[in-house]
Amino acid sequence: MTLTEPWRVLAFLVGIIAFVALNAAYLVWLERKVAGHIQGRIGPKEVGPFGLLQPLADGIKLMSKQLLVPKGVDPLLFKVAPLLVLVPAVMSFVTIPFGENLVARNIDIGLLMIFAFASVNVMGLLLGGWGSNNKYAVISAARAVSQNVAYEIPMLITVVTMIMLTSTMNLNEMVIQQGGGILNWHFFANPLMPFAFLIFFVCALAETNRAPFDLGEAESELIAGFHTEYSGMGFGVFFMGEYANIIIGCSLAVILFLGGWQSPFEFLSDQGLWGVFWFLAKVYFLIFCVMWIRWTYPRTTLWGLLNLSWKILIPISLLILLLTGAMIKVWPLITGAS
Amino acid sequence: MSILNLSNFLEVYLVIAALLFGIGIFGMLYQRTMIGMLISSELILAAASLNFMAFSRFLASDPTTGQIFTLFIMGIAAAEAAIALSIIIAVYRNYKSIDTEDVASLQG
Amino acid sequence: MISLFTAEGLAGLVFLFIVAVTVGGALIAVGSPRLPRAVAGLAICFIGVAGLYYFLHSPFVAVMEMLIYVGAVCVTIVFAIMLADPGDEQKVGRRSAVAAPVGFGVGALLFWGMAMLGIKTMWPAAAAKVNTGSVTDIGHALITNYGMVFELISLVLLLAIIGSLVLARAGRGKS
Amino acid sequence: MNDLARSPNQETFVLNLGPQHPATHGVLRVKLTMDGEYIVDAEPVLGYVHRMHEKMGENRTWVQFMPNTARLDYLGALSYNHGYVKVVEQAMGLEVPERAEYLRVITVELNRIASHLLWFGAFVLDLGGFTPLLYAFDDREHILDLLESVTGSRLTFCYYRFGGLCNDVDDDFLTGTRAFIKRLRKRLPDYHNLVTKNIILINRLKDVGVLSAEMCRKYGATGPVLRGSGVDYDVRKNEPYSVYPELDFEVPVYSEGDSMARYMVRMDEIDQCLRIVEQALDKLPEGPVMAEKVPKILKPAAGDYYGAVEAARGTFGIRIVSDGTNIPYRMKLRSPTFSNLSLYGEASRGLLLPDALALMGSLDLVIPEIDR
Amino acid sequence: MLSELKSEFASLAPLAVIETDYKVKGYHLDVEVGPDRVVDAAELLDRLGFFLEAITGVDWLGKNPVGNQPDPVSVNEQDPEAAEAEGEAGSDAPADKMEVVYDYNRTDGVLCRVVVRCRLDRAKPELPTVSRLIPGADWHERETHDFFGIIFTGHHDLSPLLLPEDADFHPLRKDFKA
Amino acid sequence: MSGYFKELFGGTKSLFVGLGITFKYMIKPVVTVQYPHETLVMPPRFRGHIELVGDEETGAPKCVVCGMCQKACPTNCITLTGEKPEGGKKKVLTGYILNFTTCSLCGLCVESCKFDAITFSRDYNLAGPRKDAYIFDLKKRLEEKSG
Amino acid sequence: MGKESLQSAIIKFAPLDKLLDLGRANSLWPMTFGLACCAIEMMATGASRFDLARFGAEVFRPSPRQCDVMIVAGTISKKMAPAVQTLYDQMPEPKWVIAMGNCAISGGPFVFEGQYGIVEGADKLFPVDVFIPGCPPRPEALIEGILELEEKVTGHRRWPRVEAV
């Protein structure tokens with residue numbers, strides 16, 4: 001790490017943008033493949049070997065597509081919105097530790113920062129929907145936001161639980177605490193953690209507007225939701241933003257609960273690039289789960305969604321918070337341990 | 001004082017805060033809608049917080065003071081926004097009849 | 001002279017950019033007659049302000065600024081605009097011809113005065129203890145020195161929630 | 001919930017669903033007056049695929065109208081074939097050989113399964129689940145293969161003739177059908193586990209869009225919509241035709257009247273259809289498939305005739321008026337979904353948008369059949 | 001059921017009540033009423049638990065209406081062409097009529113289909129709506145208006161249902177030319 | 001309260017069962033027939049557009065220009081012309097035009113033909129950039145095929 | 001030979017527009033747009049048995065803004081025609097149209113003398129690139145139509161032609 005700051009920044013920017021773009025492209029490919037096989041078909045196959053050039057073709061297509069700015073839209077909002085979705089997502093990668101030393105900025109309050117950027121994302125959806133001057137887009141934007149707001153609560157409560165448990169908001173430190181085999185992962189830290197993980201995962205799905213919570217782009221109701229009026233790369237950027245957000249959500253879940261870049265077995269190396277391997281393996285597994293879930297369930301309604309949040313997730317996450325607090329503070333008092 | 005290390009001078013922040021304040025005041029007088037005025041008042045608050053932060057960074061003996069003040073301002077501002085907006089909505093509901101009768105073109 | 005190709009130089013460049021974002025956002029926020037655009041400007045301005053806070057060695061406050069202002073206040077305002085339908089905004093917002101010049105005059109005057117005040121005053125030298133931007137300090141301060149205020153703020157927030165609920169409900173029920 | 005939507009001073013806006021909208025299964029347009037996400041008023045606008053079937057009926061000979069029946073309801077084409085040949089045979093006094101009747105029942109029930117499967121998939125698609133659609137299509141392809149091997153078409157079958165069928169079936173069809181019954185019986189539990197028992201689906205359908213039996217009667221709703229509201233009415237049982245009286249099957253009835261009940265009726269019907277097909281295969285007699293004495297040029301006696309059959313979506317009634325020539329004087333097609341949809345305006349009032357779409361899906365609309 | 005119905009209908013002063021052969025005709029009772037009695041008939045049948053299956057029209061331009069011959073079976077047994085000739089010979093100059101047919105049916109297991117028909121002067125085809133009583137009749141009447149131009153007085157909205165919004169033609173009239 | 005937990009656990013279980021089913025199908029072999037590379041076999045009764053049948057020996061069309069198919073067709077998509085050659089007794093087909101774009105594939109024409117002179121073709125994958133390519137001159141097609 | 005030719009085309013740094021054509025031809029996103037019977041066969045084409053996804057053409061977008069190809073599957077009635085026209089106009093360039101089924105080609109079986117309700121062919125409204133006859137056409141025919149369209153866009157055909165037997 002002897003690079004001077006500007007070069008570091010440049011390397012980071014290039015690296016992250018390439019990472020996000022490549023991931024978005026190939027996650028779409030993966031998603032289409034996974035969907036295909038779940039449904040007993042093949043998925044993209046004819047464009048390049050195994051359809052591997054499919055994302056390339058889509059990318060070329062989208063880029064060469066006419067960028068329509070429909071009548072009656074607010075051109076500023078219409079153009080800024082996709083960026084407001086993508087840029088914060090890219091910025092969030094600043095603090096995600098891909099390996100022990102592979103983190104762009106090891107920020108003390110990294111966890112909080114990711115949530116701060118995530119809240120900008122909401123603004124992007126809202127302005128995109130609003131700026132489109134399309135009723136479906138407006139309804140969709142309103143839905144996306146109320147959903148995001150509702151799920152931020154249980155998610156933050158769960159995260160607070162984790163902060164209590166780890167007493168740090170530094171993501172790398174959290175990972176370091178989970179070293180030494182699968183049993184040291186926070187997922188197994190206490191019997192409540194699997195539930196906390198589940199809540200976190202559900203909230204992450206909801207926050208990223210993924211099925212079964214993809215109310216914002218419910219095709220059967222709202223055409224294409226907030227990006228109904230977007231064509232070409234405008235739509236492409238929304239898409240990239242969505243996948244970047246999925247990666248962030250899954251990365252956070254992996255960092256908080258599944259040991260980040262730590263290898264699951266003590267005897268297997270987590271040094272250097274192996275750490276990256278473990279991290280990405282876990283993240284991609286979770287992303288696969290996200291896709292698997294998407295192609296399995298029907299969509300919930302806004303009502304069902306809010307019910308789930310208020311009646312199930314929030315009480316249970318509060319309960320977990322209390323019990324964890326008790327476990328940390330009260331249990332030592334009772335048992336007399338320090 | 002080079003143009004590239006402006007960030008290390010208190011005066012720079014004070015000028016920016018003053019600018020925000022001025023813009024906010026201008027907005028207060030210029031905007032006639034309640035939401036527009038609310039937006040302007042948020043700018044004024046931001047100017048105040050910026051001053052607090054700047055003094056806290058450069059002058060205060062206990063650097064947390066300014067930050068905590070800013071945090072409190074944020075809390076108050078959030079509460080203020082919520083209240084103001086619910087008042088605005090109530091006002092709109094009672095004094096304005098809004099009918100969007102225009103049938104949409106075949107969207108989608 | 002700081003070279004552009006050092007950490008400091010780059011930071012300076014970023015600082016300029018952030019200042020531009022702040023001021024530009026603020027101008028959009030007050031200058032646009034279209035409310036959604038005004039809110040977008042406000043959000044952009046707050047992102048800039050958060051950046052300034054970061055330069056003031058307070059990443060925590062910067063992050064909170066984003067979280068609260070962009071994520072909560074701006075979203076709430078957009079929501080309110082949606083509910084109150086801005087299509088009719090122009091009818092309400094009949095602004096008199098003098099509002100703009102007067103506003104500009106007053107704003108400019110205040111800016112000039114305060115800026116001069118800021119620049120001309122001989123501030124004492126920077127304090128010995130420069131803040132390190134650690135969360136721990138803020139946390140300690142919050143629950144020790146400022147515990148009372150903290151509680152009061154919680155109360156205010158609670159009242160605000162209840163109050164806005166009541167107001168919103170009443171508005172709906174009356175029709 | 002409802003008081004919010006009904007208060008008069010609400011700010012409402014009009015949302016045009018369709019005519020091209022993913023949820024309307026074709027080109028229905030619904031003018032929704034909404035208050036937020038609540039529906040204050042819904043008015044279906046029809047006619048976007050009005051294809052002049054009734055006018056064509058007056059321009060063609062009796063036989064030539066046959067292909068039109070398949071295009072009315074392209075999902076359950078054979079039911080419509082059946083209804084048409086039934087009423088003309090009744091007017092002409094034609095006797096149909098038993099084998100032909102059995103084969104009609106077998107094919108019509110297979111077609112009904114295909115229709116229900118497609119509905120199942122499309123309905124879950126409306127609710128946001130994509131995968132069940134493709135599973136249903138997979139099974140449906142098997143039915144289409146079977147029917148194609150007999151009739152030569154995949155969708156718009158034109159298989160029945162006055163007095164019988166145009167082709168006999170071969171053994172491959174019979175064994176293939178048996179194999180299909182076995183296959184579908186094995187796959188149905190998967191459908192139930194994947195979809196029916198899914199908590200998200202249950203939450204979306206339970207107590208949503210409740211239709212009372214009285215409301216169904218007032219609007220003339222029939223088929224699974226009516227049976228989901230607790231009325232045991234099925235033309236196959238109430239007005240026995242063809243060889244249905246000789247087959248043992250039940251008519252699934254659910255009394256809740258919500259979308260879930262309509263869903264369950266159709267899923268149970270698939271079971272019953274399998275039973276019918278199996279029995280009909282067992283009882284299938286040998287013999288000709290075409291009556292011997294069918295006049296070359298059909299001229300039903302002057303008068304009007306009415307015939308009804310149970311199509312996949314409800315009672316398909318057909319009223320023919322003959323003036324004694326070889327061209328119908330008037331042909332009225334009473335399509336079930338026309339009546340079923342007419343209650344939508346009232347039933348969707350006060351619902352949330354997604355619930356209203358679930359209700360619309362549960363009515364099982366085929367638009368060309370409504371518009372005719 | 002049938003005899004009971006017949007006596008109930010007698011009170012409506014029907015123009016004809018004919019029991020028909022279900023096996024051939026597909027319905028049991030054929031009632032013809034005047035335009036002023038259509039609503040009464042609907043009320044009666046609604047009260048008895050019938051539901052309205054369909055409403056349709058028939059345009060009898062230059063023809064005598066066929067449909068409720070006294071004995072369809074005997075007609076069927078005759079040589080059809082002779083019957084047709086007889087029908088035409090029955091009256092010299094056919095009065096142009098427009099017919100509206102209501103199909104009623106039951107869902108409670110009793111097999112009884114009733115057809116109510118009403119013949120109108122083709123020059124001025126008007127009759128009262130039953131959609132106030134039976135909401136399901138709403139669309140059927142609109143459709144009949146679309147196709148035949150029959151006006152259902154008192155109907156809340158007779159704008160085209162299946163035809164384009166601005167359609168001013170009635171395609172199922174026999175004199176319709178595109 | 002117990003109802004709450006019952007629903008919660010029942011619901012969660014149903015979700016996992018659903019995941020299990022999709023996983024089961026995911027590891028099953030695909031059912032896709034990869035069309036341009038592999039094809040389905042059309043059943044013998046498959047109805048494509050109609051085709052004239054040639055006499056086995058001469059290759060000349062078996063059609064005797066009786067016009068039954070033309071009459072039977074509900075959509076008037078068949079136009080056939082014939083003329084009596086000088087000295088000949090029977091009519092000879094001179095043109096058989098099928099406007100496939102209005103055909104409804106009902107098969108009434110084939111049924112109405114007493115001479116087995118027309119049959120269904122096996123063309124199931126027609127597609128092309130020109131509309132008039134589907135107004136077939138069946139006689140020419142037959143000649144091309146036999147000749 | 002299909003894949004090889006595509007790869008070699010890319011490796012040879014084909015001219016830009018050729019690359020664009022390749023991209024567009026292999027990423028034809030159709031509109032979720034069914035009118036009548038043929039729509040069901042269109043769905044069947046997207047389903048597991050025929051799997052339009054193999055050609056990257058399964059991304060049925062409900063919003064016309066994001067579509068490249070409009071598959072007119074079914075009868076266009078005179079009442080529907082303005083809406084179809086609007087949808088076509090809403091699609092961004094470059095765009096293509098496939099007329100699927102006899103109704104979309106010429107009105108199909110619903111054409112008769114004195115008809116009052118349908119538009120006799122999608123090409124009366126806007127240019128159509130590929131015609132697929134049939135009532136309804138089999139799913140293979142729709143795949144063939146997509147391949148024809150690809151041929152039209154790129155100028156050569158990557159896949160073998162299937163002769164019906």
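Parameters and conventions
Residues numbered from 1 in each chain as written. Chains lettered and ligands numbered in written order. Predicted model: local features only at pLDDT ≥ 70, side-chain atom pairs only at ≥ 80, totals over all residues. Heavy atoms only, no water. Helix = DSSP H or I, 4+ residues; strand = E, 2+ residues; numbered from the N terminus. Buried < 20%, exposed > 50% of the residue type's maximum accessible area, 1.4 Å probe, protein only. Contact = heavy atoms within 4.5 Å. Areas by Shrake-Rupley, 256 points an atom, 1.4 Å probe, with all protein chains shown as cover. Rg over C-alpha atoms; globule rule 2.2 N^0.38 Å. Lys, Arg positive; Asp, Glu negative; His and termini not counted. Charge placed at Lys NZ, Arg CZ, Asp CG, Glu CD. Buried area = accessible area lost by both parts, 1.4 Å probe. Salt bridge = Lys/Arg side-chain N within 4 Å of Asp/Glu carboxyl O. Polar contact = N/O pair within 3.5 Å; in protein donor to acceptor, adjacent residues only side chain to side chain. Nonpolar A, V, L, I, M, F, W, Y, C, P; charged D, E, K, R; others polar. Phe/Tyr/Trp six-rings, centres within 6.5 Å; stacked < 30°, edge-to-face > 60°. Patch = residues over 30% accessible without salt bridge, like charges linked within 9 Å, V, L, I, M, F, W, Y side chains within 5 Å. pLDDT = per-residue confidence, 0-100. Expected span 1.5 Å × (residues − 1). Domains from an automatic or database assignment.

**Comments concerning the overall build of chain E**
Logical step 1: A count of helices and strands for chain E gives 6 helices and 7 strands.
Logical step 2: The order of α-helices and β-strands along chain E, N terminus first, is α-β-α-β-α-β-α-α-β-β-β-α-β.
Logical step 3: Here chain E, with 178 residues, has 52% of them falling under the buried criterion.
Logical step 4: A separation of at least 24 residues holds for 65% of the contacts in chain E among residues at least 6 apart in sequence.
Logical step 5: Working note: accessible area of chain E is about 7300 Å², and carbon and sulfur atoms make up 50% of it.

**Overview of the overall build of chain F**
Logical step 1: A count of helical and extended segments in chain F gives 4 helices and 5 strands.
Logical step 2: When the elements of chain F are put in sequence order from the N terminus, they spell out α-β-α-β-β-α-β-β-α.
Logical step 3: Whereas a compact globule of 147 residues would reach a radius of gyration of roughly 15 Å, chain F reaches 27 Å, over 25% beyond that.
Logical step 4: The buried share of chain F, taken over its 147 residues, is 46%.
Logical step 5: Considering only intrachain contacts with a sequence separation of at least 6, the fraction spanning at least 24 residues in chain F is 67%.
Logical step 6: Taken as a whole, chain F presents about 8100 Å² of accessible surface, with 58% of it coming from carbon and sulfur.
Logical step 7: Computed over 20 positive and 15 negative side-chain charges, the separation of the two mean positions in chain F equals 8 Å.

**A closer look at the interface of chain C and chain B**
Logical step 1: Across the boundary between the two partners, chain C contributes 92 residues, which contact 75 residues of chain B.
Logical step 2: When chain C packs against chain B, close to 7300 Å² is buried across both sides, 78% of that on carbon and sulfur atoms.
Logical step 3: Taken as a group, V30, L56 and W123 of chain C account for 9% of the area that chain C buries against chain B, more than any other trio of residues on that side.
Logical step 4: The interface formed by chain C and chain B holds 0 salt bridges in total.
Logical step 5: Across the contact surface, chain C and chain B share 0 residue pairs in polar contact (both at pLDDT 80 or more).
Logical step 6: Broken down by secondary-structure element, the contributors of at least two residues to the side of chain C that touches chain B are α1 (7–31), α2 (35–55), α3 (59–84), α4 (89–92), α5 (99–120), α6 (135–143) and α7 (147–174) of chain C.
Logical step 7: Ranked by residue count, the leading element in the side of chain C that touches chain B is α1 of chain C, at 14 residues.
Logical step 8: Tallied by class, residues from the side of chain C that touches chain B come to 63 nonpolar, 18 polar and 11 charged.

**Section: the packing of aromatic side chains**
Logical step 1: Counting across every chain of the model gives 51 aromatic pairs over all chains.
Logical step 2: An angle of 70° between the planes, with centres 5.3 Å apart, marks the rings of F65 of chain D and Y84 of chain D as edge-to-face. Within this pair, whereas F65 of chain D is found in the loop between α2 (53–57) and α3 (66–72), its partner Y84 of chain D is found in helix α4 (residues 77–92), the two being separated by 19 residues in sequence.
Logical step 3: Looking at F65 of chain D, the relative accessible area reads 0%, which means it is buried.
Logical step 4: Take Y84 of chain D: its relative accessible area is 0%, and that puts it in the buried class.
Logical step 5: Here the aromatic rings of Y88 of chain G and F126 of chain G are separated by 4.5 Å at their centres, their planes lie at 20°, and the arrangement is stacked. Taken as a pair, Y88 of chain G in helix α4 (residues 81–90) and F126 of chain G in the loop between α5 (102–106) and β3 (130–132) lie far apart in primary sequence, 38 residues in all.

**A closer look at unusual backbone geometry**
Glycine aside, residues mostly have negative phi, and peptide bonds are mostly found in the trans state.
Logical step 1: In this chain, C135 of chain G is followed by P136 of chain G through a cis amide linkage whose omega measures -10°.
Logical step 2: Inspection of the secondary structure puts P136 of chain G in the loop between β3 and α6 (139–154).
Logical step 3: Even without glycine at this site, D364 of chain D takes up a positive phi of about 60°.
Logical step 4: The exposure class assigned to D364 of chain D is buried, which follows from its relative accessible area of 3%.

**Some points on a nonpolar patch on the surface**
All names here are of chain A.
Logical step 1: On the surface, V160, M164, L319, L323, M327, I328, V330, W331, L333 and I334 cluster together to form a nonpolar patch covering roughly 930 Å² of accessible area.
Logical step 2: Those elements giving two or more residues to the nonpolar patch turn out to be α5 (135–166) and α11 (302–335).
Logical step 3: The dominant element in the nonpolar patch, judged by the number of residues it contributes, is α11, at 8 residues.

**Description of the confidence of the model for chain F**
Logical step 1: This prediction gives chain F a mean pLDDT of 84; 99% of its residues lie at or above 70.
Logical step 2: Quick note on the complex model: pTM equals 0.86, ipTM equals 0.83.

**Some remarks on helix α1 (residues 10–30) of chain B**
Logical step 1: Between the first and last C-alpha of α1 of chain B there are 30 Å, a value that for 21 residues agrees with the 30 Å anticipated at 1.5 Å per step.
Logical step 2: Buried residues dominate α1 of chain B, accounting for 15 of its 21 residues.

**What to know about the domain arrangement of chain F**
Logical step 1: The assigned domain composition of chain F is domain 1 (1–31) and domain 2 (50–146).
Logical step 2: Here the C-alpha centroids of domain 1 of chain F and domain 2 of chain F sit 57 Å apart.

**Re the pattern of salt bridges**
Residue and element names in this part refer to chain E.
Logical step 1: Counting across every chain of the model gives 74 salt bridges over all chains.
Logical step 2: R117 is the salt-bridge partner of D30, the closest N and O atoms lying 2.9 Å from each other. Residue D30 is located in strand β2 (residues 29–33), and its partner R117 is located in strand β5 (residues 114–121); the two are separated by 87 residues in the primary sequence. Residue D30 shares its accessibility class with R117, and that shared class is buried.

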